[in-house]
Amino acid sequence: VVRLVNHGADVVAARKSGSDYFKLPLDLKGCPACSRRNASIGFQRGYIPFAAESGLANVFEAKEGFCYGFEWPSTAEPEHP
């Protein structure tokens, strides 16, 4: 759980946008242009279909999701403070 405070974002609008997104038909949520998945290395960006992610083979997670983040170039060296 993440809690953000004093950020100035419209939380109500953000929650409504998320709710509206998950109400879309599957072919719009999971279109190839908006989702990329490589299960062999655990990489996911975009829509995660219902019950497609649990981390454990014997666990069923009744959820769908959306993953976003910066894709680091494969040539980037790790930097630690």
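In case you missed it, the structure is sitting above this.
Here is what the cut-offs are and how they apply
One numbering rule holds for all chains: residues counted from 1, following each sequence as written. At least 70 in pLDDT is required for a residue's local features to be given in this predicted model, at least 80 for side-chain atom pairs to be given and counted, and no such filter applies to totals for whole chains, interfaces and linings, which use all residues. With hydrogens and water excluded, all non-hydrogen atoms of the structure serve as input to the side-chain values. Labels follow the DSSP assignment, with helices taken as runs of H or I lasting at least four residues and strands as runs of E lasting at least two, numbered in each case from the N terminus. Contacts are assigned to residue pairs that have any heavy atoms within 4.5 Å of one another. We call Phe, Tyr and Trp rings a pair once their centres come within 6.5 Å, taking the six-membered ring for Trp, and we label the pair stacked below 30 degrees between planes, edge-to-face above 60, and tilted otherwise. For every residue, the accessible area (1.4 Å probe, protein chains only) is compared with the maximum for its type, and the residue is labelled buried under 20%, exposed over 50%, or partly exposed between those bounds. To estimate how far a helix should extend, the number of its residues minus one is multiplied by 1.5 Å. Counting of polar contacts relies on pairs of N or O atoms within 3.5 Å, with two restrictions inside protein: one atom must be capable of donating a hydrogen and the other of accepting it, and residues adjacent in sequence are counted only when both atoms are side-chain atoms. For salt bridges, the criterion is a side-chain nitrogen of Lys or Arg within 4 Å of an Asp or Glu carboxyl oxygen.

> Pulling in residues and values, what's your account of the overall build of the chain?
A count of helical and extended segments in the chain gives 2 helices and 3 strands. Tracing the chain from N to C terminus, the helices and strands come up as α-α-β-β-β. For the chain, the proportion of contacts with a sequence separation of at least 24, taken over those separated by at least 6, is 20%.

> Give me the packing of aromatic side chains: which residues, what numbers.
Following the criterion strictly, the structure yields 3 aromatic pairs and no others. Pairwise contacts between aromatic rings join Tyr21, Phe22, Tyr47 and Phe66 into one cluster.

> Which residues make up the side chain of Lys29, and what are the values?
By the element assignment, Lys29 lies in helix H2 (residues 26-29). Judged by its relative accessible area of 6%, Lys29 is buried. Those residues in contact with Lys29 that sit more than four places away from it in its chain are Tyr21, Phe22, Leu24, Cys34, Ser35, Tyr47 and Glu64.

> Could you give me a rundown of helix H1 (residues 11-22), with the residues and numbers involved?
Over its 12 residues, H1 runs 17 Å from end to end, which matches the ideal 16 Å to within 8%, given 1.5 Å per residue. Taking the backbone nitrogen of Val12 as reference, a side-chain oxygen 3.3 Å away marks Asp10 as the first, capping residue of H1.

> I'd love a proper account of the pattern of salt bridges, names of residues and values included.
Side-chain pairs of opposite charge can arise whenever the charged atoms involved come near each other. Applying the stated criterion across every chain yields a total of 2 salt bridges. Close ionic contact of Asp20 with Lys16 constitutes a salt bridge, the shortest N to O distance being 2.7 Å. One end of the pair is Asp20 and the other is Lys16, both in helix H1 and 4 residues apart, which spans about a single turn. Lys29 is the salt-bridge partner of Glu64, the closest N and O atoms lying 3.0 Å from each other. One end of the pair, Glu64, is in the loop between strand E2 (43-48) and strand E3 (65-67); the other, Lys29, is in helix H2, with 35 residues separating them in the sequence.

> So what's going on with the environment of Phe50? Which residues, and what values?
In this structure, Phe50 sits in the loop between E2 and E3. For Phe50 and Glu61, which are 11 residues apart along the polypeptide, the C-alpha to C-alpha distance reads 8.2 Å. In this structure Phe50 touches Phe60, Ala62, Lys63 and Glu64, once residues within four positions along its chain are discounted.

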